[in-house]
Amino acid sequence: MRKGVWLLAGVGVVAVAGVGLAVTQPQSLPASALAGVEGDAARGAQVYAAAGCGSCHGAEDTEALAGGAAFASPFGTFYAPNISTHADQGIGGWSDYELANAIRAGVSPEGQHYYPAFPYTSYARMTAQDTADLIAHLRTLPADATPSRGHDVGFPFNIRRSLGGWKFLFASDDWVVTDAPSPEVERGRYLVEALGHCGECHTPRNALGGLKTDQWLRGAANPAGDGRIPSIHPDDLGWSAQDIAIYLESGFTPDFDTVGGEMVEVVENTAKLADEDRNAIAAYLVALP
Amino acid sequence: MKSLPLLAGLATLALGTLVHADAHSNLPPAVKARQAHMQLYAHNLGVLGGMAQEKIDYDAAAASAAAANLAALAQLDQSSYWPEGTDNGAIEGTRALPAIWTDFDGVMTASEGLIEASAAMSDVAGDGLDALKGAMRPLGQACSACHQDYRQRDN
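What you see as residue numbers is a count from 1 along each chain, following the sequence as written. Both sets of labels track the order of writing: A upward for chains, 1 upward for ligands. The model is predicted, so local features are restricted to residues of pLDDT at least 70 and side-chain atom pairs to those at 80 or more, both for listing and for counting; the totals for chains, interfaces and linings are taken over all residues. As a rule here, side-chain values cover all heavy atoms of the structure and leave hydrogens and water aside.

**A short note on the overall build of chain A**
Here is step 1 of the chain: When its secondary structure is counted, chain A shows 13 helices and five strands.
Here is step 2 of the chain: Each radius of gyration is computed over the set of C-alpha atoms, and the globule rule expresses the reference value as 2.2 Å times the number of residues to the power 0.38. The C-alpha atoms of chain A give 20 Å as radius of gyration, which agrees with the globular expectation for 289 residues (19 Å, within 12%).
Here is step 3 of the chain: Along the longest, intermediate and shortest principal axes, the C-alpha atoms of chain A span 75 × 45 × 40 Å.
Here is step 4 of the chain: In chain A, once contacts between residues fewer than 6 apart in sequence are set aside, the share between residues at least 24 apart is 62%.
Here is step 5 of the chain: All accessible areas in this document rest on Shrake-Rupley with a 1.4 Å probe, and a residue is counted as covered only by the protein chains that are shown. As presented, chain A carries roughly 14,400 Å² of accessible surface, and 57% of it is formed by carbon and sulfur atoms. Helix and strand definitions follow DSSP, with helices as H or I runs of at least four residues and strands as E runs of at least two, each counted in order from the N terminus. A contact between two residues is defined here by any heavy atoms of the two lying within 4.5 Å.

**Here's the deal with the overall build of chain B**
Here is step 1 of the chain: When its secondary structure is counted, chain B shows six helices and zero strands.
Here is step 2 of the chain: Listed by position from the N terminus, the elements making up chain B come as α-α-α-α-α-α.
Here is step 3 of the chain: The buried share of chain B, taken over its 155 residues, is 34%.
Here is step 4 of the chain: In chain B, the proportion of contacts linking residues at least 24 apart, taken out of those at least 6 apart, comes to 68%.
Here is step 5 of the chain: Within the structure as shown, chain B displays about 8,900 Å² of accessible surface, and the carbon and sulfur contribution to it stands at 61%. Only protein chains enter the calculation, and the probe is 1.4 Å; a residue is then buried if its accessible area is under 20% of its type maximum, exposed if over 50%, and partly exposed in between.

**What about the sheet that holds strand S3 (residues 152–153) of chain A?**
Residue and element names in this part refer to chain A.
Here is step 1 of the chain: A pair of strands is considered paired only if DSSP assigns at least 2 bridges between the two. A sheet is described by the order of its strands in space; here three strands give the open sequence S1-S2-S3, paired in antiparallel fashion. The open sheet is flanked by strand S1 (70–73) and S3, the only strands paired with a single partner.
Here is step 2 of the chain: Of the pairings in the sheet, the one linking S1 to strand S2 (residues 76–79) comprises four bridges and is antiparallel in character. What sits directly across from Ser73, in S2, is Gly76.

**Remarks on the domain arrangement of chain A**
Residue and element names in this part refer to chain A.
Here is step 1 of the chain: All domain edges in this entry derive from an automatic or database-based domain assignment. Taken as a whole, chain A is organised into domain 1 (32–170) and domain 2 (183–286).
Here is step 2 of the chain: Taken together, the 22 residues of domain 1 in the interface contact 20 residues of domain 2.
Here is step 3 of the chain: Defined here as a combined quantity, buried area equals the accessible surface (1.4 Å probe) lost by two parts on assembly, summed across both. Each partner contributes to the roughly 1,800 Å² buried at the junction of domain 1 and domain 2, and carbon and sulfur atoms together form 56% of this total.
Here is step 4 of the chain: When the buried area of domain 1 at its contact with domain 2 is split by residue, Ala50, Ser55 and Arg125 rank highest and sum to 24% of it.
Here is step 5 of the chain: By salt bridge we mean one thing: a side-chain nitrogen of Lys or Arg within 4 Å of a carboxyl oxygen of Asp or Glu. If you look at where domain 1 meets domain 2, you find zero salt bridges.

**Let's talk about the UniProt feature "domain: Cytochrome c" (unreviewed entry) in chain A**
Residues and elements named next belong to chain A.
Here is step 1 of the chain: What UniProt calls "domain: Cytochrome c" (unreviewed entry) maps, in this numbering, to residues 39–142 and 183–289.
Here is step 2 of the chain: Taken end to end, residues 39–142 has its terminal C-alpha atoms 18 Å apart, with 39% of it in helix and 8% in strand.
Here is step 3 of the chain: Helix makes up 48% of residues 183–289 and strand 4%, with an end-to-end C-alpha separation of 17 Å. UniProt positions are given in the numbering used here, feature names are shortened, and annotations may be inferred rather than shown by experiment.

**Things to note about the interface of chain A and chain B**
Here is step 1 of the chain: Listed per partner, the contact involves 25 residues of chain A and 21 residues of chain B.
Here is step 2 of the chain: Interface area for chain A against chain B, summed over the two sides, is near 1,900 Å², with a carbon-plus-sulfur share of 49%.
Here is step 3 of the chain: Counting every contact that joins chain A to chain B gives three salt bridges.
Here is step 4 of the chain: The term polar contact refers here to a pair of N or O atoms within 3.5 Å; inside protein, the definition further demands a hydrogen-donor-capable atom paired with an acceptor-capable atom, and it admits residues adjacent in sequence only when both atoms are side-chain atoms. Our enumeration of links across chain A and chain B arrives at eight residue pairs in polar contact (both at pLDDT 80 or more).
Here is step 5 of the chain: The dominant element in the side of chain A that touches chain B, judged by the number of residues it contributes, is helix H11 (residues 241–250) of chain A, at five residues.
Here is step 6 of the chain: Under this grouping Gly is polar, as are all residues other than the nonpolar Ala, Val, Leu, Ile, Met, Phe, Trp, Tyr, Cys and Pro and the charged Asp, Glu, Lys and Arg. Tallied by class, the residues present in the side of chain A that touches chain B amount to nine nonpolar, seven polar and nine charged.

**Some details on the nonpolar core**
Residues and elements named next belong to chain A.
Here is step 1 of the chain: Within the largest apolar cluster, 49 residues are counted, with the highest numbers of intra-cluster contacts made by Leu134, Leu195, Leu217, Tyr284 and Leu285.
Here is step 2 of the chain: Among the secondary structure elements, those contributing two or more residues to this core are helix H2 (41–51), helix H4 (96–105), helix H6 (128–138), helix H8 (183–195), H11, helix H12 (263–270) and helix H13 (275–286).
Here is step 3 of the chain: Counting contributing residues, this core receives three or more from each of domain 1 (32–170) and domain 2 (183–286).
Here is step 4 of the chain: Residue contacts for Leu217: discarding those within four places in its chain leaves Val192, Cys198, Gly199, His202, Thr203, Ser231, Ile232, His233, Tyr284, Leu285 and Leu288. As used here, the term nonpolar core means buried Ala, Val, Leu, Ile, Met, Phe, Trp, Tyr and Cys residues forming a set that is joined through side-chain atoms within 4.5 Å.

**A word on the UniProt feature "binding site: heme c" (unreviewed entry) in chain B**
Here is step 1 of the chain: Following the UniProt record, the feature "binding site: heme c" (unreviewed entry) maps to Cys143, Cys146 and His147 of chain B here.
Here is step 2 of the chain: Looking at the secondary structure, you find Cys146 of chain B in helix H6 (residues 129–150).
Here is step 3 of the chain: Once you skip the residues sitting within four places of it in the chain, Cys146 of chain B turns out to touch Ala110 and Arg151 of chain B.
Here is step 4 of the chain: Inspection of the secondary structure puts His147 of chain B in helix H6.
Here is step 5 of the chain: Looking at His147 of chain B, the relative accessible area reads 13%, which means it is buried.
Here is step 6 of the chain: In this structure His147 of chain B touches Asp257, Thr258, Val259, Gly260 and Gly261 of chain A, once residues within four positions along its chain are discounted.

**Things to note about the packing of aromatic side chains**
Here is step 1 of the chain: Between rings of Phe, Tyr and Trp, where Trp is taken as its six-membered ring, a pair exists when centres lie within 6.5 Å; planes separated by under 30 degrees are stacked, by over 60 edge-to-face, and by other angles tilted. In this structure the tally under the stated criterion is 10 aromatic pairs over all chains.
Here is step 2 of the chain: Each ring, one from Phe118 of chain A and one from Tyr123 of chain A, has its centre 6.2 Å from the other, and the planes form 70°; the classification is edge-to-face.
Here is step 3 of the chain: Residue class for Phe118 of chain A comes out partly exposed when judged on its relative accessible area of 22%.
Here is step 4 of the chain: Each ring, one from Trp82 of chain B and one from Trp101 of chain B, has its centre 6.2 Å from the other, and the planes form 65°; the classification is edge-to-face. Highlighted residues: Trp82 of chain B in the loop between helix H3 (60–75) and helix H4 (99–102) and Trp101 of chain B in helix H4, separated in sequence by 19 residues.
Here is step 5 of the chain: Taken together, Tyr114, Phe118, Tyr120 and Tyr123 of chain A form an aromatic cluster joined through their ring pairs.
Here is step 6 of the chain: Whether a charge sits over a ring depends on NZ of Lys or CZ of Arg being within 6 Å of the ring centre and within 35 degrees of the ring normal. In this structure, Arg149 of chain A packs its charged tip against the face of Tyr79 of chain A, placed 3.9 Å from the ring centre.

Following this line, the structure appears as structure tokens:
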């Protein structure tokens, strides 16, 4: 009897460990992720602006995406890596598949998980065509030899394997807002939930850093400590679709205050989008459930 | 008998006014002054922006007047608006970040940017709607240059 209990316990431990290993194993994109699509660098410039890559990976005094900007959080400080076209320090030596796998699955060429400070959980919803276009655009940007700086993250968050559990719990490429009643709202949903990754800052997070999607875009604590990131849900914001589109183009609020903080760089990006795309973002936001 | 609810209503109103006045009067005069200064920017920007966004008809005289006000406001000496100990960590009711006091050169660069952008607007605001629209974006960017680094996020 006693022996039986121990055996059962042993089997249980092995099973849990097995599930744990399976769950924490990095899940890559299928090898066919970019099959049949040809990247176009000019279109990729629009994807690049909508996805805001330069806002985090940009560096002072260079056009290259040399990285280095610090992002404080309750889990530690993350430093944007060099994703310039430099062959050794940047992504110049990566294949298109390796880039797509990083952007949409959060898995590095070495098969390690990235921290979700990199918003791959949003980019997971990116189309294959946009991914290919974005990669083609990234390859047109200059190289910089500055090495990436290591993240300053303490135990247990410094165990990258544990991020597999985080992804299992919180990452999903399903749409947050399931209904898209018009093509315009559907386009807006893609721009907000996939490329623009607006929810990463404007949605509150739980103790483990997972987004509370039941409070989608309803404002959040500032991970760097000071102030709050405002709600952009229509119940709280109270702006018309036209107000939102004007703000994303000009930076002016309806009462002629102007954009501030990190959002300044976001508006620099949204100002580069087509009018239809700004209108689509606005249509999605005012239609939020 | 009828006067009782009325009295209660008046008392509530009076209390509300008192509470409101109290919250406002707790701010140091210098903070009130700089917030009023920002309001004057916003009011004059509203005239120009309303035209740029084609919400109100373009009027060369009104545009020129608003732009001249902005340019004059941007040039006013604001040094007395920003006494030590009036950042958002020290007092309630302001979003002025401590960086204003630790990065004086950066603040002055941003302030010179606004002087330039508002002067450029003043030069062209009376020259037609397209000219006004063209000067609007640099003006907004000049405002944001300060709001990016020196103002707390929304609360």
